[in-house]
Amino acid sequence: MKLQRIRWIVLGAVFVLIVVGLISSISMGTLSSFGWEEIAAICPLGVLESFLAGKTVFLRALIVLVVVVALVFIFGKVFCAWVCPVAPVRSFTEMMRKRFGKAQGKSAPNCSEDCSSCAAKRSQIAKRSTLDSRHIVLGGTLLSAAVFGFPVFCLICPIGLIFATIVVLWQWLGLNSISWSLLLYPALLVIELLVLRKWCLRFCPVGALLSLLSLPNRFFRPKVDNAKCLREQGIDCNVCVNVCPEGLDPHFKEGMNECTKCGLCKDKCPVGAITIPFSATPNPSAPTIASDPGKPE
Ligand code: SF4
Ligand code: SF4
């Protein structure tokens, strides 16, 4: 089974688990602060915000933070691709946007094909630095918590907004209870994901924090078999670069702390040259080396 399929199953299972826990009151909180009785998993950004807001360190939150740091050390930024509900919601809004664009006669890019936008993206890869605009948002998030004494960003965090939207929808449809939140939460979410379309790449402070914690991560990184890779044999192939949502080139170490282990590069490589440790064997349907690299699968 392709990693993409497994990833969608995991994403769906986590989402359903939390939504069922929320509306049945079995569990508490959302992905940002999910718990059951004495066990709680708190967003690492929320932990840091609470430390700064309260001007104190809470032992339980500190333990959570240490566990998160250890998990990120091993698995890197997997949260962004395998757990965070923003990714599928963004995929959905992008799909709608492309459909709408098509209806207006605009061409929607096919991510498997090379184009000027992909070429521009490739040219930016070399320039990608460890710190970017997300880290400025991260700094502002932490500063605002210290100044105002409460985690300000949590009010507009899209992860929380997604679950808040589901809760108000449930209250409306299931309990017949209507409030202004029914308009407010989805409106904020739409603004963040449609207006700030590059939310994950440019603005998300959670991703920024995870990218810093992922710097020492060396596990589960995609590896390219140069003997199979078309580019290494002089064929102009950039499929892996073009499909990477993080704008990475798995041939290089630079910026790989941003890798979310989504597996898209592995699934789309036309010759199965990419492997990710502990994932399934390379794409068995990969065409031979003589195939057109611009049209995988
Ligand atoms: S998609 Fe595969 S063959 Fe093409 S450049 Fe990447 S690793 Fe090489
Ligand atoms: S390098 Fe591959 S696995 Fe990592 S984020 Fe990019 S497409 Fe996903």
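## Points about the confidence of the model for the protein
If pLDDT is low for a region, its predicted coordinates should not be looked at in detail.
And step 1. For the protein, mean pLDDT is 81; residues scoring 70 or higher make up 79% of the total.
And step 2. Note that residues 103–112 has pLDDT below 50 and, in this model, nine contacts with residues that lie over four places away or in other chains.
And step 3. In the predicted structure, residues 286–297 sits below a pLDDT of 50 and forms 27 contacts with residues beyond four places in sequence or in another chain.

## A closer look at the packing of aromatic side chains
And step 1. All told, the structure shown has six aromatic pairs when counted by the stated rule.
And step 2. Each ring, one from Phe 51 and one from Phe 58, has its centre 6.3 Å from the other, and the planes form 40 degrees; the classification is tilted.
And step 3. Centroid distance Phe 75 to Phe 220: 5.2 Å. Interplanar angle 20 degrees. Geometry classified as stacked. Taken together, the positions of Phe 75 in helix α3 (residues 59–75) and Phe 220 in the loop between α11 (205–213) and β3 (223–224) put the pair 145 residues apart, joining distant regions of the chain.
And step 4. The class for Phe 75 is partly exposed, based on a relative accessible area of 33%.
And step 5. An aromatic cluster of three or more residues is present, and its members are Phe 153, Trp 199 and Phe 203.

## Section: the site of ligand 1
And step 1. Taken together, the neighbourhood of ligand 1 is formed by Val 224, Cys 229, Leu 230, Arg 231, Cys 237, Val 239, Cys 240, His 251, Cys 269, Pro 270, Val 271 and Ile 274.
And step 2. For the shell around ligand 1, the per-class residue count stands at ten nonpolar, one polar and one charged.

## Here we look at the site of ligand 2
And step 1. Around ligand 2 sit Pro 222, Cys 244, Pro 245, Glu 246, Cys 259, Thr 260, Lys 261, Cys 262, Gly 263, Leu 264 and Cys 265, and that is every residue in its neighbourhood.
And step 2. A per-class count over the shell around ligand 2 returns seven nonpolar, two polar and two charged.

## Digging into the pattern of salt bridges
And step 1. Under the counting rule described, the total for this entry stands at six salt bridges.
And step 2. When the shortest N-O distance is used, the salt bridge between Lys 77 and Glu 246 registers 3.5 Å. Of this pair, Lys 77 sits in the loop between α3 and α4 (78–82) while Glu 246 sits in the loop between α12 (239–243) and α13 (264–268), placing them 169 residues apart in sequence. For the pair shown, Lys 77 and Glu 246 are each scored as buried.
And step 3. The closest approach of N and O atoms between Glu 258 and Lys 77, which form a salt bridge, is 2.8 Å. Highlighted residues: Glu 258 in the loop between α12 and α13 and Lys 77 in the loop between α3 and α4, separated in sequence by 181 residues. Comparing Glu 258 with Lys 77, the two get one shared label, buried.
And step 4. What emerges from the salt-bridge pattern is a single network uniting Lys 77, Asp 132, Arg 134, Glu 246 and Glu 258.

## With respect to the packing of helix α7 (residues 133–148) against α11
And step 1. The N-to-C vectors of α7 and α11 enclose an angle of 105 degrees; their axes lie 8 Å apart at closest approach. Here α11 runs roughly perpendicular to α7, going by the angle between their axes. Between α7 and α11, the residues in contact are Arg 134, His 135, Val 137, Leu 138 and Thr 141 and Pro 205, Gly 207, Ala 208, Leu 209, Ser 211 and Leu 212, respectively.
And step 2. Taken together, the residues that form the contact of α7 with α11 break down as six nonpolar, four polar and one charged.

## A short note on the side chain of Asp 267
And step 1. Among the structural elements, Asp 267 can be located in helix α13.
And step 2. For Asp 267, the side chain forms a polar contact with the main-chain nitrogen of Gln 4, separated by 3.0 Å.

## Details of unusual backbone geometry
And step 1. The residue Phe 220 is not glycine, and still its phi comes out positive at about 60 degrees.
And step 2. With phi around 55 degrees, Lys 261 is a residue other than glycine that occupies positive phi space.
And step 3. Among the secondary structure elements, Lys 261 is positioned in the loop between α12 and α13.
And step 4. Overall, Lys 261 belongs to the buried group, its relative accessible area being 6%.

The rules behind these values
- Residues numbered from 1 in each chain as written.
- Chains lettered and ligands numbered in written order.
- Predicted model: local features only at pLDDT ≥ 70, side-chain atom pairs only at ≥ 80, totals over all residues.
- Heavy atoms only, no water.
- pLDDT = per-residue confidence, 0-100.
- Contact = heavy atoms within 4.5 Å.
- Phe/Tyr/Trp six-rings, centres within 6.5 Å; stacked < 30°, edge-to-face > 60°.
- Helix = DSSP H or I, 4+ residues; strand = E, 2+ residues; numbered from the N terminus.
- Buried < 20%, exposed > 50% of the residue type's maximum accessible area, 1.4 Å probe, protein only.
- Near = heavy atom within 4 Å.
- Nonpolar A, V, L, I, M, F, W, Y, C, P; charged D, E, K, R; others polar.
- Salt bridge = Lys/Arg side-chain N within 4 Å of Asp/Glu carboxyl O.
- Axes fitted to C-alpha atoms, helices over the stretch in contact; angles between N-to-C directions.
- Parallel < 35°, antiparallel > 145°, perpendicular 65-115°, else oblique.
- Polar contact = N/O pair within 3.5 Å; in protein donor to acceptor, adjacent residues only side chain to side chain.

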